[in-house]
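Spelled out, the chains give:
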Amino acid sequence: MTQFSATAEGVAKRLRDGMVGGVLSFPLTSFREDGGLDLEAYRAYLSAQLDSAPGAVFPACGTGEFFSLDEDEYRAVVGATVEIADGRLPVVAGIGYGWAQALRFARIAEEAGADAALVLPHYLVAAPQDGLVEQLRRIASGTSLPLIAYQRGQVAFTADSLRRIAEIPTVIGLKDGHSDLDRLQRLTLAAPDGFLFFNGASTAEIQARAYATVGVPAYSSAVHAFAPEIANAFFAALRDDDAGVTKLLRDFYVPLVELRDRVPGYAVSLVKAAARLRGLPVGPVRAPLTDPGPEELDALAQVLDDGLKVVGAVRRSD
């Protein structure tokens with residue numbers, strides 16, 4: 001069994017319970033046309049998102065453009081999320097860069113009332129396994145927040161390193177964005193009982209069935225950020241082993257991914273554009289990301305309409 005701290009065990013239990021009942025929500029961050037943070041728009045957007053009953057909410061992470069937020073903006077976004085969530089579900093804030101900067105964000109998140117933090121991959125350099133483990137130890141030593149490690153890009157843990165980070169009392173889980181199921185199976189087998197795993201692949205629903213076969217059924221859903229009706233229908237179909245999984249994959253998710261893969265950064269830009277197509281107050285992306293052009297917007301609108309049709313919804317209700 002894991003040896004979580006008392007606080008970490010409580011958060012892990014809430015996340016475990018939430019993962020059974022709903023997708024993990026990674027909300028967008030609302031910006032004005034001039035690039036400034038639009039906190040009131042974010043509040044309105046997030047309130048609608050939480051009404052669709054996700055299992056947990058992860059503000060200021062990759063979909064929320066953590067990499068574009070300064071510390072004051074980050075504080076405002078996490079604080080607003082905690083206020084709106086109001087204890088109904090866990091709030092897991094993104095933190096990142098090197099351990100010293102990650103700690104600055106962790107302390108802000110802790111002060112704002114977040115329940116835990118998702119440790120995004122560090123910046124730029126590759127690192128040996130000892131360094132990856134030490135990075136988490138350093139962060140854990142400076143905050144009481146429970147931590148979820150995120151392996152993606154230049155961060156990839158071995159089974160031995162997984163055992164070592166699982167010994168840190170406040171490290172409660174691992175989010176995987178590599179989609180290497182052989183490696184992931186080795187990690188799940190190396191982990192102590194109770195350690196949490198999350199599917200963090202881009203458009204995670206595409207690989208949700210495959211991840212579940214190696215013991216990782218929980219996943220983050222970028223689609224929930226603009227079409228919770230589709231995300232929730234897929235989650236229910238997957239849970240019930242329903243034929244709707246295949247139909248949604250064929251008619252919506254695969255076309256969305258094919259469109260996403262046209263341009264770097266569209267994993268976020270298309271999500272935000274789809275939210276705007278639905279009238280959600282999220283605004284543009286910040287550089288270095290770029291918003292889709294007219295041709296991609298037309299294609300996105302068709303993909304979105306096709307997906308909504310499958311679940312009996314429409315793009316706009318007004």
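Use the structure listed above.
So, here's what we can say about the structure. Treat the numbers as computed from the prediction; the structure is a model and nothing was measured.

What about unusual backbone geometry?
With an omega of 20°, the peptide bond between Ala287 and Pro288 qualifies as cis. With respect to the element layout, Pro288 can be found in the loop between helix 11 (266-277) and helix 12 (294-310). A positive phi is found at Glu65, a non-glycine position, where the angle reads about 60°. For Glu65, the position within the fold is in the loop between strand 2 (56-57) and helix 3 (71-85). Judged by relative accessible area, Glu65 falls into the buried class, the value being 0%.

Here we look at the packing of aromatic side chains
The geometry of an aromatic ring pair is captured by two quantities: the separation of the ring centres and the angle between the planes. Applying the stated criterion across every chain yields a total of 11 aromatic pairs. Considering the side-chain rings of Phe26 and Phe58, the 4.4 Å spacing of their centres and the 10° angle between planes classify their relative orientation as stacked. Placement of the pair is Phe26 in the loop between strand 1 (24-25) and helix 2 (39-50) and Phe58 in the loop between strand 2 and helix 3, with a sequence separation of 32 residues. The exposure class of Phe26 is buried, given its relative accessible area of 5%. An aromatic cluster is built from Tyr219, Phe234, Phe235, Phe252 and Tyr253, whose rings are joined through pairwise contacts. Here the guanidinium or amino end of Lys175 rests over the ring plane of Tyr150, the centre of that ring lying 4.5 Å away.

Observations concerning the layout of surface pockets
In this model, the largest pocket occupies a volume close to 890 Å³. Lining of the largest pocket is provided by 39 residues; of these, Gly62, Thr63, Phe67, Tyr150 and Arg152 occupy positions nearest its centre. It is helix 11 that provides the largest number of residues to the lining of the largest pocket, a total of five residues. Taken together, 15 residues make up the lining of the second largest pocket; nearest its centre are Met19, Val20, Gly215, Pro217 and Ala218. Put simply, the parts of the chain that give the lining of the second largest pocket at least two residues each are helix 1 (6-21), strand 7 (196-199) and helix 9 (228-239). Residues of the lining of the second largest pocket, tallied by class, amount to 11 nonpolar, two polar and two charged.

Details of helix 4 (residues 99-112)
Here helix 4 contains 14 residues, and its C-alpha end-to-end distance of 19 Å stays within 8% of the 20 Å for a straight helix at 1.5 Å per residue. Buried positions along helix 4 lie against helix 3, strand 3 (92-95) and helix 5 (129-142). One or two positions beyond helix 4, positive phi appears at Gly113, with a value near 100°.

Scoring rules and cut-offs
- Throughout this document, residue positions are counted from 1 along each chain, in the order its sequence is written.
- Where totals are concerned, whole chains, interfaces and linings use all residues; where local detail is concerned, this predicted model gives features only for residues with pLDDT of at least 70, and gives and counts side-chain atom pairs only at 80 or more.
- To get the side-chain values, take all heavy atoms of the structure and skip hydrogens and water.
- Secondary structure elements are defined from DSSP: runs of H or I of at least 4 residues count as helices, runs of E of at least 2 residues count as strands, and each element is numbered from the N terminus.
- Under the scheme applied here, a residue whose accessible area is under 20% of the maximum for its type counts as buried, over 50% as exposed, and between as partly exposed, the area being computed with a 1.4 Å probe on protein chains only.
- Pairing of aromatic side chains here covers Phe, Tyr and the six-membered ring of Trp, requires ring centres within 6.5 Å, and sorts the geometry by plane angle: under 30 degrees stacked, over 60 edge-to-face, intermediate tilted.
- Note on geometry: a ring has a charge over it if NZ (lysine) or CZ (arginine) is within 6 Å of the ring centre and within 35 degrees of the ring normal.
- Here a cavity denotes a set of grid points, spaced 1 Å apart and computed over the protein atoms alone, in which a 1.4 Å probe fits but from which it cannot get out, and a pocket denotes an open set meeting protein on both sides within 12 Å along at least five of seven lines; residues with an atom within 4 Å of a point are reported as lining.
- Grid points are joined across faces, edges and corners, and a volume is the space filled by probe spheres set on the points.
- Three residue categories are used. Nonpolar comprises Ala, Val, Leu, Ile, Met, Phe, Trp, Tyr, Cys and Pro, charged comprises Asp, Glu, Lys and Arg, and polar comprises the others, including Gly.
- Multiplying 1.5 Å by the residue count of a helix minus one yields the expected span of that helix.
- It only takes one pair of heavy atoms within 4.5 Å for two residues to be counted as in contact.

Functional significance is not addressed by these values, which are geometric in nature.
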